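A look at the structure
Now for the letters of each chain:
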Amino acid sequence: MEDCIFCKIAKKEIESKTVYEDDTVIAFRDLSPQAPEHVLVIPKKHVKSINELTSEDTALMGHIFTEVLPKVAKELNIAEGGYRVVINTGEDAQQTVKHLHVHLLGGRKMTWPPG
Ligand code: 5GP
Ligand code: ZN
């Protein structure tokens, strides 16, 4: 996707503070952190949101949830204390960047319900 900011980050056309990367996934620090630790985990391939995932993405999303998120949480030292994982999807959830991304937030006590 030509005008997608997260595709550009994945291709290193835009700089980001990368905390993890492999063939299919990149994780980088959010530009406007909402917690002491705030990382975005994205598939390198362009997928707009959860709504556009297909059965071909099962391994990719499984990889993000079973391997990447716990690994990054551990490296950020928030695995034990706890953290929040958020995927804003669509307008009501205020998804601003239309490239699927998983927010990983930690390092402070979260509140519930979210705003
Ligand atoms: P959303 O509201 O779509 O769930 O979250 C988008 C997130 O991307 C926001 O937290 C915002 O701060 C972050 N963001 C937007 N543009 C950039 C950017 O160019 N670089 C980085 N690192 N984060 C960005
Ligand atoms: Zn994209």
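Up top is the structure these notes are about.
Here we summarise the structure given alongside this text. Residue numbers restart at each chain and count upward from 1, following the sequence in its written direction. Chains and ligands are labelled sequentially in the order written, the chains with letters from A and the ligands with numbers from 1. For this predicted model, a pLDDT threshold of at least 70 governs which residues receive local features, and a threshold of 80 or more governs which side-chain atom pairs are given and counted, while totals over whole chains, interfaces and linings are taken from all residues. Hydrogens and water are ignored here; the side-chain numbers use all heavy atoms of the structure.

A cis amide bond links Trp112 to the next residue, Pro113, at an omega of 5°. Strands here mean DSSP runs of E at least two residues long; helices mean DSSP runs of H or I at least four residues long; both are numbered from the N terminus. Mapped onto the secondary structure, Pro113 falls in the segment after strand 5 (102-106). For Asn77, which is not a glycine, the phi torsion comes out positive at approximately 65°. Along the chain, the position of Asn77 falls in the loop between helix 2 (58-75) and strand 4 (83-86). Only protein chains enter the calculation, and the probe is 1.4 Å; a residue is then buried if its accessible area is under 20% of its type maximum, exposed if over 50%, and partly exposed in between. Taking the relative accessible area as the measure of exposure, Asn77 reaches 70% and is therefore exposed.

Taking strand neighbours across the sheet as the criterion, the five strands line up as 1-2-3-5-4 in an open arrangement whose pairing is antiparallel. With partners counted over all chains shown, the strands left at the sheet margins are strand 1 (18-21) and strand 4, one partner each. On average, adjacent strands in this sheet sit at an angle of 20° to one another, irrespective of strand direction. Strand pairing is assigned whenever DSSP identifies at least 2 bridges connecting the two strands. To obtain an axis, a line is fitted to C-alpha atoms, over the contacting stretch when the element is a helix, and the angle between two such axes runs from 0 to 180 degrees between their N-to-C directions.

What follows concerns the layout of surface pockets. If you add up the space inside the largest pocket, you get close to 870 Å³. Here a cavity is any set of points on a 1 Å grid over the protein atoms alone where a 1.4 Å probe fits but cannot get out, and a pocket is any open set with protein on both sides within 12 Å along at least 5 of 7 lines; a residue lines the site when it has an atom within 4 Å of a point. Lining the largest pocket we find 33 residues, and of these Asp30, Ser32, Gln34, His38 and His103 sit closest to its centre. Contributing elements (two or more residues each) for the lining of the largest pocket: helix 1 (5-10), strand 2 (25-29), strand 3 (37-43), strand 4 and strand 5. Amino acids outside the nonpolar list (Ala, Val, Leu, Ile, Met, Phe, Trp, Tyr, Cys, Pro) and the charged list (Asp, Glu, Lys, Arg) are all regarded as polar, and Gly is one of them. Residue classes in the lining of the largest pocket are distributed as 16 nonpolar, 11 polar and six charged. Grid points are joined across faces, edges and corners, and a volume is the space filled by probe spheres set on the points.

Of note, Asp57 is situated in the loop between strand 3 and helix 2. When its relative accessible area of 4% is taken as the criterion, Asp57 is described as buried. A contact between two residues is defined here by any heavy atoms of the two lying within 4.5 Å. When sequence neighbours within four positions are dropped, the list of residues in contact with Asp57 reads Lys45 and Glu52.

Let us look at the pairing of strand 1. Two elements, strand 1 and strand 2, share three bridges in a ladder whose sense is antiparallel. Along strand 2, the bridge assignment pairs Glu21 with Ile26. Following strand 1, the chain reverses through three residues before pairing antiparallel with strand 2.

A few words now on the site of ligand 1. By convention in these notes, a residue is near a molecule or strand provided one of its non-hydrogen atoms lies within 4 Å of it. Surrounding ligand 1, one finds 16 residues, the nearest of these being Asp30, Asn88, Thr96, His101 and His103. Whenever two N or O atoms come within 3.5 Å, that pair is a polar contact, provided that in protein one can donate a hydrogen and the other can accept it, and provided that, for residues adjacent in sequence, both atoms are side-chain atoms. Between an oxygen atom of ligand 1 and a main-chain N or O atom of Val97, the distance comes to 3.0 Å. Here an oxygen atom of ligand 1 and a side-chain polar atom of His103 are 2.8 Å apart. Calculation of accessible area relied on Shrake-Rupley with a 1.4 Å probe; when residues are assessed, cover is drawn exclusively from the protein chains displayed. For ligand 1, whose free accessible area comes to 520 Å², the fraction covered by protein is 83%. Pocket occupancy is defined atom-wise: a molecule lies in a cavity or pocket when more than half of its atoms are within 2 Å of its grid points. Judged by its atoms lying within 2 Å of the grid points, ligand 1 is housed in the largest pocket. Elements with a contribution of two residues or more to the shell around ligand 1: helix 1 and strand 2. The greatest single-element share of the shell around ligand 1, amounting to three residues, is contributed by helix 1. Residue composition of the shell around ligand 1, by class: seven nonpolar, seven polar and two charged.

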